[in-house]
Amino acid sequence: HPLRMGWYSIKSFVFAALVVYSWACCNAPVAHASVLYTASLDIPVQNKNPFGLPMNPLFSGEGSDIYESGLFLFKKGDYPSAISRWSLVLKKYPQSRTGEAGAFLIGEAYYAYSESKSEVKTDPSRSTDIEKKTRENEWMRALNAFQKEIQEYPDSNWVPAGLYRMASVYQQLGLLVEARGTFQRIIGEFPKSPYGSKAVLGVATSTFLEGKFKDAAAAFQQVLRKYPSSEEVRVAVYGTADSFFLLREFGEAQRFYEAGLTKWPGYLKAHPDSLFRYGEAVFQNGDWENARAAFFTLFNLYPSHDHAGIALNRIGDTYRLDGRAALSRGLYETVISLYPAGDAPLLAKIALGELKEEEAQSLEHRPVDQVTAYEVAIHYFQDVSSAENLLAGEAFLRLGRMMEHRGASDQALQAYESLLETEFPAQTDPILGVSSDHSKEAAVQSASRILGEMMQIKIQQEDDLGLVFLYHRHQKFFLTFFRDIPRLQTIAEAHRFPGAVWDLAMSLAGHALKG
């Protein structure tokens, strides 16, 4: 993969290759994750004969020759011509068996035509607006055809298949309530059809896509209970795992991922989003070796995936947690080189800043080198703090904590207050995939603690003027976030001294604020 991709530097590739070699020789993964290296990719293939439908029945009688020519064209992938042939059958022989089948297959051809857009299908993020619109138009044509088929032939054996395809189209269009309702109609009206288990899985999938992960986990497990021998079990096991992961229940997520790995390792290997979540789940559970196996598999198979750079970061984290700082540092630097945009380099810079901070703390007897190491750490954190996403908040938070450790309370407060004043765009955490305002909550707690300690010193010294100055220097924080009522009352009391002193205090406070 690296040799095919121009954005890989030789230096970075050589380093990454050495890391992979040393890891494979010395740290072979154990238990479940090891199967990822030997399993064949279980890649879903576009099914020209979806769900075992009778795509080639030998109808005799009216329109059979035109109908069968449509089947031939469909199998060749000439969907527009197939649609034309079946439309002719439907027009000429609407009450025949061929007309009934053709009504469904017209919708199936539109659906297959939309799926045949290879660029859009393999990587929707790369598709142009025109390509997306074209695909949506084909989905809408398919939807209309299936609706017409059900209206015209309500007693047809093709109705469950038509409903299932309708629900699938709704799901593709993001109409999840409509999708779930149509799946539930299949469950209610055709529970014993070949689409019963598929519809139960469809309800679970629609619920998952709505972001209702707790309900989705229960729905996926219903598939496991009701249809334990169905082909839908595989998807339901991994769907349950993904749901628990996004609920941040990493123990349960790992349990279901490993149940899937035992029977269908190739499926996980072929689905990079789930593969990443599995790696993160075992990482969160402290299993560094299996986490490395998952993340290396993702990086090697999908180097252009959105999470490939983050996976490489996580590999660095596992080495760092194992005490191999030099190896982790090299990986973080490789991430910055290979993935200069997005969240991955920001995560790498935060990690490099933390490594430099740890190095600085070990240099107490070499003050000059210690100052230099701290300056490098500050540079990394400040670089990330200028980014317009949640990671900027994490950088501010780490900068504040580092300043606290150094005893620089004023600089720590400045970092925390900068974090709280920054408006971050709505997005998700790049690792967990869930919304998070953790950094702001932590900043409020840390800043409140520091200000509380500063106030306590002023109170003990009976320094009312100093207490007033402190309040006005951080007035916005006190008014917005500070919740220590007794200390706020103390500040109010400190303002009750003679007017001359008050005027002097306000003058000095204004000067301090401007400075």
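Residues numbered from 1 in each chain as written. Predicted model: local features only at pLDDT ≥ 70, side-chain atom pairs only at ≥ 80, totals over all residues. Heavy atoms only, no water.

Student: Describe the overall build of the protein, listing the residues and the values that go with them.
Tutor: The helix and strand tally for the protein stands at 26 helices and zero strands. Relative to its full complement of 515 residues, the protein shows a buried share of 48%. Taking as baseline every contact in the protein between residues at least 6 positions apart, the subset at least 24 positions apart corresponds to 60%. When the accessible surface of the protein is totalled, it reaches about 25400 Å², and 52% of it is carbon and sulfur. (Helix = DSSP H or I, 4+ residues; strand = E, 2+ residues; numbered from the N terminus. Buried < 20%, exposed > 50% of the residue type's maximum accessible area, 1.4 Å probe, protein only. Contact = heavy atoms within 4.5 Å. Areas by Shrake-Rupley, 256 points an atom, 1.4 Å probe, with all protein chains shown as cover.)

Student: Run through helix 9 (residues 196-209), naming residues and quoting values.
Tutor: Each α-helix winds once per 3.6 residues, and so residues spaced three or four apart point in a common direction. With 14 residues, helix 9 ought to run about 20 Å at 1.5 Å a step, and its terminal C-alpha atoms sit 20 Å apart, in line with that. Across the 14 residues of helix 9, twelve count as buried, placing the element largely inside the fold. Those residues of helix 9 not exposed but buried are Gly 196, Ser 197, Lys 198, Ala 199, Val 200, Leu 201, Gly 202, Val 203, Ala 204, Ser 206, Thr 207 and Phe 208. Summarising the contacts, the buried residues of helix 9 are in contact with helix 7 (159-172), helix 8 (176-189), helix 10 (213-226), helix 11 (233-246) and helix 14 (272-284). Gly 211 sits one or two positions beyond helix 9 and adopts a positive phi of about 85°. (Expected span 1.5 Å × (residues − 1).)

Student: Give me the lowdown on the packing of aromatic side chains, citing residues and values where you can.
Tutor: On inspection of all chains with the given rule, the structure shows 18 aromatic pairs. Sitting over the face of the ring of Tyr 319, Arg 292 holds its NZ or CZ atom 4.6 Å from the ring centroid. The ring of Tyr 374 carries Arg 406 above its face, with NZ or CZ at 4.2 Å from the centroid. (Phe/Tyr/Trp six-rings, centres within 6.5 Å; stacked < 30°, edge-to-face > 60°. Lys NZ or Arg CZ within 6 Å of the ring centre and 35° of its normal.)

Student: Go over unusual backbone geometry, please, and point to the residues and values.
Tutor: One non-glycine residue, Arg 248, adopts positive backbone phi at about 65°. Inspection of the secondary structure puts Arg 248 in the loop between helix 11 and helix 12 (250-263). Given the relative accessible area of 46%, Arg 248 is considered partly exposed. Within the chain, Glu 462 stands out as a residue other than glycine whose phi angle is a positive 55°.

Student: Tell me about the confidence of the model for the protein, and name the residues and values.
Tutor: Per-residue confidence for the protein gives a mean pLDDT of 82; residues scoring 70 or more make up 79%. Note that pLDDT drops below 50 for residues 1-31; the model gives that stretch 51 contacts with residues more than four away or on any other chain. Predicted confidence is poor over residues 45-56, with pLDDT under 50, and the contacts of this stretch with residues over four places away or in other chains come to 28 contacts. (pLDDT = per-residue confidence, 0-100.)

Student: Any chance you could break down the pattern of salt bridges for me, citing the residues and the numbers?
Tutor: This model, assessed by the stated rule, comprises 23 salt bridges. Linking Glu 138 and Arg 141 is a salt bridge whose minimum nitrogen-to-oxygen distance equals 3.0 Å. Placement of the pair is Glu 138 and Arg 141 together in helix 6 (residues 129-152), with a separation of three residues, close to one helical turn. In this structure, the salt-bridge partner of Asp 242 is Arg 277, at a minimum N-O distance of 3.5 Å. Remark: Arg 277 occurs in helix 14 and Asp 242 occurs in helix 11; sequence separation between them is 35 residues. Look at Asp 242 and you get buried, because its relative accessible area is 7%. One continuous salt-bridge network, built from bridges that share partners, spans Arg 320, Glu 354, Glu 358, Glu 394 and Arg 398. (Salt bridge = Lys/Arg side-chain N within 4 Å of Asp/Glu carboxyl O.)

Student: Please provide a residue-by-residue account of the packing of helix 18 (residues 343-361) against helix 20 (residues 390-405), values included.
Tutor: When two helices pack together, you describe them by how their axes are tilted relative to each other and by the distance separating the axes. Between helix 18 and helix 20, the shortest axis-to-axis distance is 10 Å and the interhelical angle comes to 5°. In terms of orientation, helix 18 and helix 20 fall into the roughly parallel class. Residue-level inspection shows Asp 343, Leu 346, Leu 347, Ile 350, Glu 354, Glu 357 and Gln 361 of helix 18 in contact with helix 20, the latter providing Leu 391, Glu 394, Ala 395, Arg 398, Met 402 and His 405. Of the residues contributing to the contact of helix 18 with helix 20, the split by class is six nonpolar, two polar and five charged. (Axes fitted to C-alpha atoms, helices over the stretch in contact; angles between N-to-C directions. Parallel < 35°, antiparallel > 145°, perpendicular 65-115°, else oblique. Nonpolar A, V, L, I, M, F, W, Y, C, P; charged D, E, K, R; others polar.)

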